[in-house]
Amino acid sequence: MTTDHPLTAPRVAGAIPAFRKLPQTRARAPSASSVRWGGYLGTILKGLGLAVFAFMLFGPLANLALWSVAERWYTPFKLPVTYGLRYWEVVFRPTGDAMSSLATSVSIACLTVVVALAVSVPAGYALARLKLPLRTLLMIVFLLPQAFPSVAIYINVARVFYTLGLTGTIPGVVLVHAAHGLVYSVWIAAAAFAAVDRDLELAARNIGASPLRTFFTITLPLAAPGIMASAIFVFLESLDEFTGTFFVGVPQVTTLPLLLYNASMGGNYQIASITALILLVPSVLFMLFIERFLKADVLSKVGQ
Amino acid sequence: MDHSAFPAIDIDRLHVSYGSQPVLHGVNLSVAAGEFIAILGSSGCGKTTLLRTIAGFQKATDGAIRLFGRDVVNMPPEKRGMAMMFQSYALWPHMTVLGNVGYGLRLRGIARDEIRQRVAAILKMLNLSGLEDRKVTNLSGGQRQRVALGRALAIEPEILLLDEPLSNLDAKVRIQLRSEIKSLQNRLGFTAIHVTHDREEAMTMADRIVVMDAGRIAQIGSPKEVFDHPSSPFVASFMGAENTIALDVRPAADGVEVSVENGRSASWNGSGVMGPVTAYFRDDVASLDDPDALIDGSIILPGRITQRTYPGGHYRYVVAIKDRHFTVTDDRYHELDRAVGLRLPLASLHLFPTLETPGETHA
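The structure displayed is predicted, hence computed values, not measured ones.

**So, the side chain of Ser68(A)**
Residue and element names in this part refer to chain A.
Item 1. Positionally, serine 68 belongs in helix H2 (residues 32-68).
Item 2. Reaching out from serine 68, the side chain makes a polar contact with the backbone oxygen of alanine 65 at a distance of 2.7 Å.
Item 3. Contacts of serine 68, omitting those with residues within four sequence positions, involve Gly84, Trp88, Gln270, Ser273, Ile274 and Leu277.

Quick look at the structure:
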């Protein structure tokens, strides 16, 4: 295998002119005007489809944004009665719940990433490199937590954690989040390691590098983009996680999603909207990162 | 250090299996220090497995590998003190040229400045001066393989292993790099084992050629020995003698008498196998002559010219002898369909006793 990745983009671009030529083939020979009308209709349909999609995507977001600046809004009014930033001030007040929940959420997410990586880097390497007899079975084990209804699992986890004194503590919540995040991180890490050509490691061993040194100077740097992407997934999943936190963390540990839940249950849609918007920021930022980090050759190996 | 008492590499009854599938069936090979050995064979013959077992990437199931008298068969690759060039280059894409070539030196705890100096000297030797800070992904194939050679030579290995390193390069670069590797080997004196399926590459680079067939060594010898005196039909046809005819050799008063079905028998003062034999020969051994010529030491097979081409310098003819076709070159122009004699000098044929297998085609 060579080290450069064939770019898929030019191939896709090259396919488009060929596709455009299709209606012009002699066999069909439609009249010029029908081609044009077909073209217009296609464009309109595409535009409509895009508009519906955009509305489904951005409609709820617009509603959130509106609620976050609505100081008073009640029926029968279609739009808020008074606008203002009063609730933003409440949320960002240093003594406010939101700020401390944000800090809790972010620290839990960071710890979760550390725990998940500590497991997924060695596990991913082993799954990618070693000829484990139960390789497929092991991969499925990491998927299992996703297969069962999460509420049923978390109730039992909460019971077990209670006897261990882990309920209502940050380590307890981190463990729950990590178990959940490992699904992604182990699979992605295994794919990232599998994408590193074996000869690249052997070349290092061959001129005198120990297995450990080879791993840290060759394998890990080459798999780093994939590992990084898996870390980001885990971080986002943790930030967003509700059910597990609810069963294991309450009432001592309050993360942003829990605050959001409490606020919206209490009818305080402004606080809930603002919290939701805050939650959105890291997701969008990290998705932009992931797009840069995860290359096609890594993605194609996920689950293999 | 005084290694002279021991061969650089001594392989003793080496067995290697992939799972339950045996790949090498007891390979014996001794390589003197400073020698250039080419391992030649078709794909799947075990030549790459042999090289990877010497490097330590593949576990041996039985046998010994001794480097300068020291058994390394259970030693991890990093302790064996060799360097290898890979078919895929195996350069590290996240490092610069300096990082790649200097990696082995960094492992040996050499100071940063000295690494830079030594790498610069190596790059100069390989005509890569000034490329230290270039990303290896921005280099051409030939440059990449030179960097890989530099990375291997930087640790001043006593043994260099070459795993078809030239097969991904285009013809011109390949021939150039071939002579560069050879002259570097002469200058630096390392022992080299070169795995290849390219006969010409093996012939031009190696002091000795090892021909492998199905996990066993078929023949070891100098390029001339292997080419002129193949020890088996397999080696003969692998070295290019792919045409065969059946002959019958009988003792005569003055040497032997060789007869061929449908052709004239010839007396020959050579010696060797008797009885029914199969002769293997290369295209360039045959020549055109009169169909009824009688030449001592050569047999003449009467046939007809069915095709003529002019590749430049000489004509190339296809001669049909019964239902078989042979290619022969000749300086003179002949008309198509002309009756000619295909002359085969007996001294240039490789004769092996005919195996008692049905289905053997006879000329």
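Moving on from the coordinates now.
**Some details on the domain arrangement of chain A**
Residues and elements named next belong to chain A.
Item 1. When the domains of chain A are assigned, the result is domain 1 (27-87) and domain 2 (93-299).
Item 2. Computed over C-alpha atoms, the centres of domain 1 and domain 2 are 34 Å apart.
Item 3. Facing the 8 residues of domain 1 at the interface are 9 residues of domain 2.
Item 4. In this assembly, domain 1 packs against domain 2 so that about 770 Å² is buried in total across both faces, 78% of it on carbon and sulfur atoms.
Item 5. When the buried area of domain 1 at its contact with domain 2 is split by residue, Leu64, Trp67 and Tyr87 rank highest and sum to 68% of it.
Item 6. Counting the contacts that link domain 1 with domain 2 gives 0 salt bridges.
Item 7. Run the count over domain 1 and domain 2 and you get 1 residue pair in polar contact (both at pLDDT 80 or more).
Item 8. Going through the elements one at a time, H2 and strand S1 (70-72) are the ones with two or more residues in the side of domain 1 that touches domain 2.
Item 9. Ranked by the residues each element gives to the side of domain 1 that touches domain 2, the list is headed by H2, at 5 residues.
Item 10. For the side of domain 1 that touches domain 2, a count of residues per class yields 6 nonpolar, 1 polar and 1 charged.

**Quick word on helix H9 (residues 211-240) of chain A**
Item 1. Taking 1.5 Å of rise per residue, 30 residues should cover 44 Å, yet H9(A) covers just 38 Å from first to last C-alpha, more than 12% shy of that figure.
Item 2. Bending of H9(A) peaks at approximately 55° at the position of Ala224(A), with proline Pro225(A) no more than four residues after it.

**Remarks on the packing of helix H2 (residues 97-107) of chain B against helix H3 (residues 112-125) of chain B**
All names here are of chain B.
Item 1. At a closest axis distance of 9 Å, the pairing of H2 and H3 adopts a crossing angle of 120°. Of the two possible hands of crossing, H2 and H3 adopt the one that is right-handed. Every residue of H3 that contacts H2 at Val97, Leu98, Val101, Gly102, Leu105 and Arg106 is listed here: Ile115, Arg116, Arg118, Val119, Ile122 and Leu123.
Item 2. Classifying every residue of the contact of H2 with H3 gives 8 nonpolar, 1 polar and 3 charged.

**Quick word on the confidence of the model for chain A**
Item 1. In the predicted model, chain A carries a mean pLDDT of 80, and the fraction of residues at 70 or more is 83%.
Item 2. Across chain A, the element-wise mean pLDDT spans from 40 in helix H1 (residues 9-21) of chain A up to 94 in helix H8 (residues 198-206) of chain A.

**Quick notes on the interface of chain A and chain B**
Think of interface size as the accessible area that goes away when the parts come together; that is how it is often given.
Item 1. Each side of the interface is counted separately: chain A has 22 residues, and chain B has 26 residues.
Item 2. Across the chain A to chain B interface the summed buried area is about 2000 Å²; carbon plus sulfur atoms make up 60%.
Item 3. Inspection of the chain A/chain B interface yields 2 salt bridges.
Item 4. Applying the counting criterion to the chain A and chain B interface returns 8 residue pairs in polar contact (both at pLDDT 80 or more).
Item 5. Mapped onto the side of chain A that touches chain B, the elements with two or more residues apiece are H8 and H9 of chain A.

**Here's the deal with the domain arrangement of chain B**
Residue and element names in this part refer to chain B.
Item 1. Annotation of chain B at the domain level lists domain 1 (9-237) and domain 2 (241-353).
Item 2. Centre-to-centre separation of domain 1 and domain 2, based on C-alpha positions: 40 Å.
Item 3. Contact residues are listed per partner, giving 8 residues for domain 1 and 6 residues for domain 2.
Item 4. In total, domain 1 and domain 2 occlude about 620 Å² of area from one another, counting both sides; carbon and sulfur atoms represent 65% of this.
Item 5. Linking domain 1 with domain 2 are 1 residue pair in polar contact (both at pLDDT 80 or more).
Item 6. Elements that contribute at least two residues to the side of domain 1 that touches domain 2 include exactly helix H7 (223-228) and helix H8 (233-238).
Item 7. The residue inventory of the side of domain 1 that touches domain 2, partitioned by class, reads 4 nonpolar, 3 polar and 1 charged.

**Brief notes about the sheet that holds strand S15 (residues 287-289) of chain B**
Residue and element names in this part refer to chain B.
Item 1. Spatially, the 5 strands line up as an open sheet ordered S15-S19-S16-S17-S18, and their pairing is antiparallel. In this open sheet, the two edge strands, each paired with only one partner strand, are S15 and strand S18 (324-330). Between one strand axis and the next, the sheet turns through 50° on average, direction left out of account.
Item 2. Sheet topology note: the strand S16 (residues 298-309)/strand S19 (residues 339-345) ladder contains 7 bridges and is antiparallel. Along S19, the bridge assignment pairs leucine 301 with leucine 342.

**Comments concerning the side chain of Lys182(B)**
Residue and element names in this part refer to chain B.
Item 1. Mapped onto the secondary structure, lysine 182 falls in helix H5 (residues 171-188).
Item 2. For lysine 182, a relative accessible area of 17% translates into the label buried.
Item 3. Setting aside residues no more than four positions away along its own chain, lysine 182 makes contact with Phe36, Met205 and Asp207.

**Here we look at the pattern of salt bridges**
Item 1. Taken as a whole, this structure holds 21 salt bridges over all chains when the rule is applied.
Item 2. One salt bridge in this structure joins Glu201(A) and Arg198(A), with 2.8 Å as the shortest N-O distance. With Glu201(A) and Arg198(A) both in helix H8 and 3 residues apart, the pair spans about one turn of that helix.
Item 3. On the basis of relative accessible area, Arg198(A) is assigned to the partly exposed category, the value being 42%.
Item 4. Arg118(B) is the salt-bridge partner of Glu114(B), the closest N and O atoms lying 3.2 Å from each other. Remark: Arg118(B) and Glu114(B) occur in helix H3; sequence separation between them is 4 residues, near one turn of the helix.

**Thoughts on the nonpolar core**
For soluble globular proteins, nonpolar side chains are generally found buried alongside one another.
Residue and element names in this part refer to chain B.
Item 1. Counting 89 residues, the largest nonpolar core has Ile11, Leu50, Trp92, Tyr103, Leu161 and Ile193 as its most contacted members.
Item 2. Those residues in contact with leucine 50 that lie beyond four places of it in its chain are Ile11, Leu14, Leu24, Val27, Ile39 and Met212.
Item 3. Trp268, Ala286, Ile305 and Phe326 belong to the second largest nonpolar core, which has 28 residues in total.

**Concerning the layout of surface pockets**
Residues and elements named next belong to chain A.
Item 1. Each pocket or cavity is described by its volume, and for the largest pocket that value is around 760 Å³.
Item 2. When residues of the lining of the largest pocket are assigned to their parent elements, the largest contribution, 5 residues, is made by H9.
Item 3. Residues of the lining of the largest pocket, tallied by class, amount to 15 nonpolar, 5 polar and 9 charged.

**Digging into the pairing of strand S2 (residues 21-31) of chain B**
Residue and element names in this part refer to chain B.
Item 1. In terms of strand pairing, strand S1 (residues 9-18) meets S2 through 8 bridges, oriented antiparallel. Across the sheet, the residue bridging to tyrosine 18 is glutamine 21, located in S2.
Item 2. Linkage of S1 to S2, two consecutive antiparallel strands, is achieved through a turn of 2 residues, within which glycine 19 is found at a positive phi near 65°.

**Comments concerning unusual backbone geometry**
Residues and elements named next belong to chain B.
Item 1. A positive phi angle, near 55°, is found at asparagine 127, a position not held by glycine.
Item 2. Looking at the element boundaries, asparagine 127 is found in the loop between H3 and helix H4 (141-154).
Item 3. We classify asparagine 127 as exposed; its relative accessible area is 61%.
Item 4. Despite not being glycine, glutamate 156 shows a phi value in the positive range, around 45°.
Item 5. Within the secondary structure, glutamate 156 is located in the loop between H4 and strand S7 (159-163).

Rules behind the numbers
- Residues numbered from 1 in each chain as written.
- Chains lettered and ligands numbered in written order.
- Predicted model: local features only at pLDDT ≥ 70, side-chain atom pairs only at ≥ 80, totals over all residues.
- Heavy atoms only, no water.
- Helix = DSSP H or I, 4+ residues; strand = E, 2+ residues; numbered from the N terminus.
- Polar contact = N/O pair within 3.5 Å; in protein donor to acceptor, adjacent residues only side chain to side chain.
- Contact = heavy atoms within 4.5 Å.
- Domains from an automatic or database assignment.
- Buried area = accessible area lost by both parts, 1.4 Å probe.
- Salt bridge = Lys/Arg side-chain N within 4 Å of Asp/Glu carboxyl O.
- Nonpolar A, V, L, I, M, F, W, Y, C, P; charged D, E, K, R; others polar.
- Expected span 1.5 Å × (residues − 1).
- Bend = angle between axes of the 7 residues up to and from the residue.
- Axes fitted to C-alpha atoms, helices over the stretch in contact; angles between N-to-C directions.
- Left-handed = near helix turned anticlockwise from the far one by under 90°.
- pLDDT = per-residue confidence, 0-100.
- Pairing = 2+ DSSP bridges.
- Buried < 20%, exposed > 50% of the residue type's maximum accessible area, 1.4 Å probe, protein only.
- Core = buried A, V, L, I, M, F, W, Y, C linked by side-chain atoms within 4.5 Å.
- 1 Å grid on protein atoms, 1.4 Å probe; cavity = no way out; pocket = protein on both sides within 12 Å on 5 of 7 lines; lining within 4 Å.
- Points joined across faces, edges and corners; volume = space filled by probe spheres on them.

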